[in-house]
Each structure stands twice: as C-alpha cells, then as structure tokens.
Amino acid sequence: MSAASTAPSSPEVAQQFSDLDIASTVTTPAVTRPSSPAPPALPESPLSSGKHKIAVIGSGSWGSALAKIAAENAWKRKDDFHSEVRMWVREKIVNGKPLTHVINRTHLNSRYLPDITLPKNLVAVPHLKDVVKDATLIIFVVPHQFLHTVLSELSRPGVLTPGARAISAIKGVEVNGTDIQTFASLIEAKVGTPCSALSGANIALEVAMGQFCETTIGCPTHNDSLLWSAVFDAPSFRVRTVEDVNGVSLGGALKNVVALAAGFVDGLGLGGNTKAAILRIGLKEMTEFCLEFFEGSQAETFSNESAGIADLITTCYGGRNRKCAEEFVKSGQSFEHIERKLLNGQKLQGTATAEEVNNFLVARKRAHAYPLFEKVYKIAFEGMSPKQLVVGL
Ligand SMILES: NC(=O)c1ccc[n+]([C@@H]2O[C@H](COP(=O)([O-])OP(=O)(O)OC[C@H]3O[C@@H](n4cnc5c(N)ncnc54)[C@H](O)[C@@H]3O)[C@@H](O)[C@H]2O)c1
Ligand SMILES: O=P(O)(O)OC[C@H](O)CO
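In this convention, every chain numbers its residues from 1, walking through the sequence in written order. Note on labels: chains are lettered from A, ligands numbered from 1, in written order. It should be noted that, the model being predicted, local features are given only for residues of pLDDT at least 70 and side-chain atom pairs only at 80 or more, the latter also being counted only at that level, while totals for whole chains, interfaces and linings use all residues. Side-chain figures throughout are based on the complete set of non-hydrogen atoms in the structure, without hydrogens or water.

Trainee: Give me the lowdown on the packing of helix α2 (residues 61-76) against helix α8 (residues 222-232), citing residues and values where you can.
Mentor: To define axes, lines are fitted to C-alpha atoms, for helices over the stretch in contact only, and angles between the resulting N-to-C directions are given on a 0 to 180 degree scale. For helices the rule is a DSSP run of H or I covering at least 4 residues; for strands it is a run of E covering at least 2, with both sets numbered from the N terminus onward. Between α2 and α8, the shortest axis-to-axis distance is 7 Å and the interhelical angle comes to 100 degrees. Looking at the two axes, α2 sits roughly perpendicular to α8. Listed contacts from α8 to L66, I69, A70 and N73 of α2 are A230, V231 and F232. Here the contact of α2 with α8 is composed, by residue class, of six nonpolar, one polar and no charged. With respect to orientation, any angle under 35 degrees is reported as roughly parallel, any angle over 145 as roughly antiparallel, any angle of 65 to 115 as roughly perpendicular, and every other angle as oblique. The criterion used for residue contact is that any of the two residues' heavy atoms lie within 4.5 Å. Each residue receives one of three labels: charged for Asp, Glu, Lys and Arg, nonpolar for Ala, Val, Leu, Ile, Met, Phe, Trp, Tyr, Cys and Pro, and polar for the others, Gly being one of them.

Trainee: Can you lay out the site of ligand 1 for me, pointing to particular residues and giving the numbers?
Mentor: One heavy atom within 4 Å of a molecule or strand makes the whole residue count as near it. Close to ligand 1 lie 21 residues; W62, K171, N202, A204 and K347 are nearest. Between ligand 1 and A204, the relevant distance is 2.8 Å, taken from an oxygen atom to a main-chain nitrogen or oxygen of the residue. When the free accessible area of ligand 1 is taken as 830 Å², the share hidden by the protein chains comes to 89%. At three residues, the largest contribution of residues to the shell around ligand 1 is made by α2. Its residues assigned to classes, the shell around ligand 1 comprises 10 nonpolar, seven polar and four charged. Just so you know, the domain bounds were taken from an automatic or database domain assignment. Here the shell around ligand 1 spans two domains, since at least three of its residues come from each of domain 1 (48-246) and domain 2 (251-388). Any N or O atom pair separated by 3.5 Å or less is treated as a polar contact, with the protein-specific requirement of one donor-capable and one acceptor-capable atom, and with residues adjacent in sequence counted only for side-chain atom pairs. All accessible-area figures derive from a Shrake-Rupley calculation using a 1.4 Å probe, and residue coverage is judged against the displayed protein chains alone.

Trainee: Before we move on, could you go through the site of ligand 2 and cite the residues and values that matter?
Mentor: Inspection of the region around ligand 2 gives K171, G200, A201, N202, K255, D311, T315, G319, R320 and N321 as its neighbouring residues. The contact in question runs from an oxygen atom of ligand 2 to an N or O atom on the side chain of K171, over 2.8 Å. A distance of 3.2 Å is found between an oxygen atom of ligand 2 and a side-chain nitrogen or oxygen belonging to T315. Bound to the protein, ligand 2 loses 92% of the 310 Å² it would expose on its own. Secondary-structure elements contributing two or more residues to the shell around ligand 2 are α12 (306-318) and α13 (320-331). Class assignment of the residues belonging to the shell around ligand 2 gives a composition of one nonpolar, five polar and four charged. Counting only domains with at least three residues in the shell around ligand 2, you end up with domain 1 (48-246) and domain 2 (251-388).

Trainee: Account for the UniProt feature "binding site: substrate" (unreviewed entry) in the protein chain, with residues named and values stated.
Mentor: UniProt positions are given in the numbering used here, feature names are shortened, and annotations may be inferred rather than shown by experiment. Within this structure's numbering, the places UniProt gives as "binding site: substrate" (unreviewed entry) are K171, R320 and N321. Across 151 residues of sequence, these annotated residues stay compact in space, with a maximum C-alpha separation of 12.9 Å. Tracing the backbone shows K171 in the loop between β9 (165-168) and β10 (173-176). Setting aside chain neighbours within four positions, we find K171 in contact with H144, S199, G200, G252, A253, K255, N256, D311 and Q349. Relative to the helices and strands, R320 resides in helix α13. We call a residue buried when its accessible area falls under 20% of the maximum for its residue type, exposed when it is over 50%, and partly exposed in between, using a 1.4 Å probe and counting protein chains only. Exposure remark for R320: the relative accessible area of 34% places this residue in the partly exposed category. In contact with R320, other than residues within four places in its own chain, are S61, L343, Q346, K347 and L348.

Trainee: Summarise a nonpolar patch on the surface; cite the residues concerned and give the values.
Mentor: A contiguous nonpolar patch, built from V390, V391 and L393 and spanning about 220 Å² of accessible area, is present on the exposed surface. Relative to the assigned elements, V390 resides in the segment after α16 (371-381). Here V390 falls in the partly exposed class, since its relative accessible area comes to 37%. Each patch is assembled from residues with relative accessible area greater than 30% and no salt bridge, linking like charges that lie within 9 Å and nonpolar side chains (Val, Leu, Ile, Met, Phe, Trp, Tyr) that lie within 5 Å. A carboxyl oxygen of Asp or Glu within 4 Å of a side-chain nitrogen of Lys or Arg is what we treat as a salt bridge.

Trainee: Help me get a handle on the sheet that holds strand β12 (residues 195-199), residues and values and all.
Mentor: Paired through their backbone hydrogen bonds, the strands of a sheet run either parallel or antiparallel. Should DSSP find at least two bridges between two strands, the strands are taken to pair. Strand order in the open sheet made by the eight strands is β7-β2-β1-β8-β9-β12-β13-β14, with mixed pairing throughout. At either margin of the open sheet sits one strand with a lone partner, and together these are β7 (122-125) and β14 (237-242). This sheet shows a mean twist of 25 degrees between the axes of neighbouring strands, independent of strand direction. Of the strand pairs in this sheet, β9 and β12 are connected by three bridges, and their pairing is parallel. In the sheet register, A166 faces β12, and the bridge partner there is C195. Across the sheet, helix α5 (residues 147-154) touches β1 (54-57), β2 (85-88) and β8 (137-140), and the angle it forms with β8 is around 155 degrees. Strand contacts of α12: β12 and β13 (213-218), with the helix running at about 140 degrees to β13, the strand carrying the most contacts.

In structure tokens form, the structure reads like this:
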C-alpha cells in the first residue's frame, strides 16, 4: 500500500505531539491474503463513533511487538477501529531525549526493541490516563512486578471507559498465602473490565521481525474472541482462541519456572536427553497444577495450544529465563546481578514466579507433588546445588 492519505492522529494527541510527523506512511504487512473471506462483524463499540479504540499498557520488547501488530490491524480496518493506537511508555531519558519523543519521531523503540520500525499510527504517550482515554480495548503488557501500580491508577473513578474490555499478555501469577490468581482475574477484579489472556510461543523480537508463529487467546465470551482476534490475528501471527482463560494464563506463567530448569541443564553441560526429560516433567507439572487449582481449566490447552507445549519449547531453548539460569550455574552470580548484566533493562519473570508458586504450594501443603517446581525454587533461592536438579525426579 502507498503512503497513507489521512493523518491517524486525534486532535488531543496531535496537540500533545504537534511536532510529530505521523501523517505520512504506515507500515503495512508484507503478506496479504486476497482470497480470505470478509472478517466477521465485530461486537458494538461503546463509543459514539461506533469504532473500537485500542490502548497498550507497556512498551517493553513484548509490549512494543504487540502494539505493532495491533496498530497495523487497526490501520487496515478503519471502519472498525480508530486508526490511532496509543502505547504507554514509562518516560525515560535515552541519549538525552525523552523516550516518547524518540519513539514518536523515529518510530523506533530504541530502548527495548531497536531496529524494528513501528507503525506511524502507534503513538507513545507518557501518562496512563491519556493512554486509556476513550479506549475500549486495553492490552496489559507490563512486567508483572509493575502491574499493581498501573492498576491503582486505572481504578480511579472516570479513568476507564465504561464497557471497555481488557486482555493480559503478562506471564506470571499473583499469590497471597493459600490464594492464587492469574493476572487476567486480578485485572478484572481491580478495574472491573472482562479480561482475556494472550500467551504463546512468542519471543518478542521474532514476532516483531514478522517470523511466522502462533499465539493462543483465552476468552471469557465469544464476543471477546471476535474482538481480540481482530486486534491480533495476522498472516505471521496466527491467533487461536480457546475458552480457557486460566489455562492460557498458567501456561505462560509456569513455563518460565521450567525454563529456569532448562537453563540449569544447559549450565551443567547436560545434553538433549536431559532437557527433553525436564520439558516432559515440566509440562506434566504445569498441566496438573492448573487442573488441581483452577477449576474448569483444560488439559488440552497445555497439550494442543501454543500457550502450552509450544511456548514451553521456545522458552526452554531461546528465552531469557533459560539464558539467565545457564549463567547462574556457570558464574555463580545472583539472579539480580545476571538480570542487570544480560538483559539490558528487560525483566526476568521466572525467578519471581518460581518463588510465588513455591510459596503457594507450601501454604497448601502440596510442594511434594510438584518436585520439579520445588527443585527450581531451592536451587534459585536456597542455595541447593544445581546438580541436585535431576536427583530423585
Ligand atoms: N519479551 C518477550 O519475548 C515476551 C514474550 C511474551 C510475553 N512476555 C511477557 O510480557 C510481559 C512484559 O514483558 P516485556 O518483555 O515487554 O518487558 P521488558 O522485560 O522488556 O521490560 C521493560 C518494560 O518494563 C517497564 N518498566 C521498567 N521499570 C519499570 C517500573 N519501575 N515501573 C513500571 N514499568 C517499568 C519499562 O517501561 C518497559 O515497558 C512480561 O510478563 C513477559 O513475561 C514477554
Ligand atoms: O524470554 P522469556 O524466557 O521471558 O520468554 C519469552 C516468551 O514468554 C516466550 O514466549
């Protein structure tokens, strides 16, 4: 497609970022499917425009990659979506300039996803309340450590649009004693929007580069699956929807614990057989954990969907958790040090999840039923030798 003919900016953001050139070209996907049938009609928007408006909360590597896809789809379906998509960027000075200005001028997230050109209808905004103004579809994709702060700001009266829906692409769980919650249910409880969950074998950079992959979206209703498929499905990012919001959420959280075990295996110099055994045992514990503690979740989400087996494979071979756990064994340094050394400002999720899951299982007196999760916790937090990982499994 040639250069866009209309400016995608709303008056407020045009004023806020008046010096931006967001009226020229918009990145379009390289592949089109001319023979595809017309997409299904979307559920009505609560806005008087009749269109849905997308907001992205988070601008790390995954936030930026998902925002890119959502903005490209919004631009293609202007009858259904406001073409401007706003992305919350926690302001930071990068090379002497605010990151929001850098993103809006260069269309590059130089801090978290350099070298990937973002669509020009994706606008970086530093204040949360401006990001969600009039938004009907809100994508939560901050590292889970920061979610509570975000939710307390969004739960103030008048901040969110009545009738808005949310989706969580955050991988982790929230534990309080004997209670465990997914982030989708935490978001739903704190801000009152129905919340779906997106998870899959999705290393952010590969997705942003347009390499083919699949993702799974767990949705509470059929309307949610229509909406979120329209936001995310793309020729190189195929969406499959399931009704199992908990299974999708738990797949994304628990695979990070297994990825630490896979990294320990690599750090110990053990081979493919051992890693395959860890993956099998890990998938079994992930599935059993979900079935035991989350009523209505489905084993098939783990065995058949990208959010289960496929994400486990990619993360145990190519993810940050694996990489940091390998370094933990080889260097003997702390995970905090390794995170700073290797991740360039990105956040490690697996150690926090291993601790949360262990605390929960201990509180429920069920730690012995999940020996791999227990070993990962003890190696990461209690000084157990990594060599003990496979002993007695
Ligand atoms: N990176 C991936 O490949 C990938 C893929 C799928 C899912 N995920 C999941 O997506 C979620 C977000 O991960 P990511 O990779 O986009 O983030 P990231 O690890 O790249 O972290 C950077 C983000 O954290 C924010 N941040 C840093 N300090 C903060 C603070 N004090 N307060 C608020 N925000 C702060 C930054 O502004 C930025 O948005 C995680 O749950 C992760 O597991 C990541
Ligand atoms: O890099 P990791 O280990 O956080 O994994 C990234 C994604 O979750 C893979 O789907």
